Amino acid sequence: MASSPSSFSASITDLKPMTIMGNNYRCLFSLQQDFSPFLKSKSNFSSSFSSLSVARKLHKKTFQVNSVSVPTESVAGFDEMVSGTQRKYYMLGGKGGVGKTSCAASLAVKFANNGHPTLVVSTDPAHSLSDSFAQDLTGGRMVPVEGPISPLFALEINPEQAREEFRSASKSNGGSGVKDFMDGMGLGLIADQLGELKLGELLDTPPPGLDEAIAISKACCDYVIQFVESQEYNMFTRIIFDTAPTGHTLRLLSLPDFLDASIGKILKLRQKISSATSAIKSVFGQEENQEDSAEKLEKLRERMIKVRELFRDTNSTEFVIVTIPTVMAINESSRLTASLKKESVPVKRLVVNQVLPPSASDCKFCAMKRKDQTRALSMIESDPELSSLTTIQAPLVDVEIRGVPALQFLGDMVWK
Ligand SMILES: Nc1ncnc2c1ncn2[C@@H]1O[C@H](COP(=O)(O)OP(=O)(O)OP(=O)(O)O)[C@@H](O)[C@H]1O
């Protein structure tokens, strides 16, 4: 067990041979556990970082010797991602289990090691950032991640809190449909005021599948607004979102539009009603309160427009799709790309994760798997949505990617 920089360097020579699907090579991952006490000390990390670079070089060399290099189709692009100190947002999304969290966490580590104070945020109700960083990041607030050179913080948006808010608002108002929705969105005051006027009939039907997940989307939007407005987040020049599987993410992205449209309708309605009879005015209470709530609504609407604009700003935001080489995952990625384009969300990169590395001698299982993957990869080339994206291939490795050194290792293979 190493616990000091000197023993760390000595142990570099002890890298254990590991295998990627049958091919021998030396793997940095075997270091992760041995050196965790050492890596706990941030001051030690910069010296460990240079040692890790040596280890990586050694690793690359071994790759060449054994002819099992990482798939070569990776396209340059990290230079562009890392350049500039203006804040950039990266959202990583795709089908469940394809490696969104691993890719998002590895990108965050890479940015932080390249001088960017970075925040990585999980918007997936089933968070796995803590597992990925091998560190407790729960609690719904920013937690520093030990290891990288520049500050790296992680935030897992607390789904229970958002769900609870939604549930209690729905229960206490005893309504249904749009009214429940408005309550859950923190618009209970307006919903109450308009309750007698059959609000549900005056608004369009909310999107199908409306449930507690939308409360989490609302919480995410609130955070996004804070990232833009609050001093607390000023320092971050890169913010990465590890998003939930496709359905949730699309809901999150369309929420600002939906709220903007709904609020617009309420405001118009209010205007009409405020000039009507005193009987109707009494439903709304005093003139002063009307002004107050109209102002609140207008403010909420402005903030939603801000979130929407941010999601669509090609200068500051990019949605990176993560997939794996299977027909199902690629079909879903194609649909996701089409939806994102429809929402005008900038998307230009596709990470194809868990690609079998080349091998001179496949077993029967590997040969079958490789055939499947080759077929799936060729689908990308002919897919009308995906073919125009920059494709980055990331290899399947035979160990779980957990902890900063492992994420750094993955990041160096993916983000080039
Ligand atoms: N390139 C890879 N090689 C080997 N294992 C990988 C690779 N990428 C990810 N994994 C493993 O796959 C599992 C799922 O990865 P991850 O949690 O990153 O996926 P996800 O898309 O975020 O999942 P979810 O949709 O459940 O949030 C993890 O155990 C992770 O270590």
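Rules and cut-offs
Think of each chain on its own: its residues are numbered from 1, step by step along the sequence as written. Reporting in this predicted model follows two pLDDT cut-offs: at least 70 for local features of residues, and 80 or more for side-chain atom pairs to be given and counted; totals over whole chains, interfaces and linings ignore these cut-offs and use all residues. What counts as an axis is a line fitted to C-alpha atoms, over the stretch in contact for a helix, and the angles between N-to-C directions run from 0 to 180 degrees. Helix and strand assignments come from DSSP, with helices taken as H or I runs of at least 4 residues and strands as E runs of at least 2, each series counted from the N terminus. Any angle from 65 to 115 degrees is called roughly perpendicular, while one under 35 is roughly parallel, one over 145 is roughly antiparallel, and all others are oblique. In this description, a residue-residue contact is defined by the distance between C-beta atoms placed from the backbone, which must lie within 7 Å. In the scheme used here, Gly and all other residues not listed as nonpolar or charged are polar, with Ala, Val, Leu, Ile, Met, Phe, Trp, Tyr, Cys and Pro taken as nonpolar and Asp, Glu, Lys and Arg as charged. Note: two strands are recorded as paired if DSSP finds a minimum of 2 bridges between them. Put plainly, near means the residue's C-beta atom, positioned from the backbone, lies within 6 Å of the molecule or strand in question. Three classes are used. A residue is buried when 20 or more other C-beta atoms lie within 10 Å of its own, exposed when 12 or fewer do, and partly exposed in between, with C-beta atoms placed from the backbone. Here the expected span of a helix is defined as 1.5 Å times the quantity of residues minus one.

### Observations regarding the packing of helix α6 (residues 100-113) against helix α17 (residues 404-414)
Right, on to step 1. Close contact between α6 and α17 brings their axes to 8 Å; oriented N to C, the two are set at 90°. One way to sum up the angle between α6 and α17 is to call them roughly perpendicular. Counting all contacts with α6, which are made through Ser-102, Cys-103, Ala-105, Ser-106, Leu-107, Val-109, Lys-110 and Asn-113, the residues of α17 involved are Val-404, Leu-407, Gln-408, Leu-410, Gly-411 and Val-414.
Right, on to step 2. The residue inventory of the contact of α6 with α17, partitioned by class, reads eight nonpolar, five polar and one charged.

### Some words on the sheet that holds strand β7 (residues 238-242)
Right, on to step 1. On the basis of which strands lie adjacent, the open sheet formed by eight strands has the order β5-β6-β4-β7-β3-β8-β9-β10 and mixed pairing. At either margin of the open sheet sits one strand with a lone partner, and together these are β5 (143-144) and β10 (390-395).
Right, on to step 2. As judged from the five bridges shared by strand β3 (residues 88-93) and β7, these two strands associate in the parallel manner. Residue pairing across strands places Tyr-89 opposite Ile-239, the latter belonging to β7.

### Quick notes on the site of the ligand
Right, on to step 1. Near the ligand there are 17 residues, and of these Gly-96, Gly-99, Lys-100, Thr-101 and Ser-102 occur at the shortest range.
Right, on to step 2. Those elements that place two or more of their residues in the shell around the ligand are α6 and β9 (347-355).
Right, on to step 3. The element that contributes the greatest number of residues to the shell around the ligand is α6, accounting for three residues.
Right, on to step 4. Here the shell around the ligand is built from residues that sort into six nonpolar, eight polar and three charged.

### Notes on the pairing of strand β4 (residues 118-122)
Right, on to step 1. Buried residues dominate β4, accounting for five of its five residues.
Right, on to step 2. Burial along β4 is two-sided: Thr-118, Val-120 and Ser-122 facing one way and Leu-119 and Val-121 facing the other are all buried.
Right, on to step 3. Relative to strand β6 (residues 152-156), β4 runs parallel, the two being bridged by five bridges. Looking across to β6, one finds that Val-121 is bridged to Leu-155.
Right, on to step 4. Looking at chain direction, β4 and β7 are connected through five bridges and run parallel. Within the sheet, the bridge partner assigned to Val-120 lies in β7 and is Ile-240.

### Describing the pairing of β6
Right, on to step 1. Within β6, five of the five residues are buried, leaving the element largely enclosed by the surrounding structure.
Right, on to step 2. Residues Leu-152, Ala-154 and Glu-156 line one face of β6 and the alternating positions Phe-153 and Leu-155 line the opposite face, and both faces are buried.
Right, on to step 3. Pairing of β5 with β6, which is carried by two bridges, proceeds in the antiparallel orientation. Counterpart to Val-143 in the pairing with β6 is Ala-154.

### Here we look at α6
Right, on to step 1. Between the first and last C-alpha of α6 there are 20 Å, a value that for 14 residues agrees with the 20 Å anticipated at 1.5 Å per step.
Right, on to step 2. Across the 14 residues of α6, 14 count as buried, placing the element largely inside the fold.
Right, on to step 3. Backbone geometry just downstream of α6 places Gly-115 in the positive-phi region, at approximately 95°.

### Topic: the environment of Gln-231
Right, on to step 1. Within the element layout of this structure, Gln-231 appears in the loop between α11 (212-229) and β7.
Right, on to step 2. The class of Gln-231 is exposed, set by 7 C-beta atoms lying within 10 Å.
Right, on to step 3. Between the alpha carbons of Gln-231 and Ser-387 there is a distance of 40 Å; along the sequence they are 156 residues apart.

### Examining unusual backbone geometry
Right, on to step 1. Despite not being glycine, Ala-134 has its phi angle at roughly 55°, a positive value.
Right, on to step 2. The topology assignment puts Ala-134 in the loop between α7 (129-133) and β5.
Right, on to step 3. The backbone of Ser-344 sits at a positive phi, close to 60°, despite the residue not being glycine.
Right, on to step 4. Within the secondary structure, Ser-344 is located in the loop between α15 (327-342) and β9.

### Re the environment of Val-98
Right, on to step 1. Within the fold, Val-98 resides in the loop between β3 and α6.
Right, on to step 2. A count of 24 C-beta atoms within 10 Å places Val-98 in the buried class.
Right, on to step 3. Linking Val-98 and Val-322, residues 224 residues apart in sequence, is a C-alpha distance of 6.7 Å.
Right, on to step 4. Not counting residues within four places of it along the chain, the set of residues in contact with Val-98 comprises Val-322, Thr-323, Ile-324, Ala-329 and Asn-353.

Geometric values such as these leave the question of function open.
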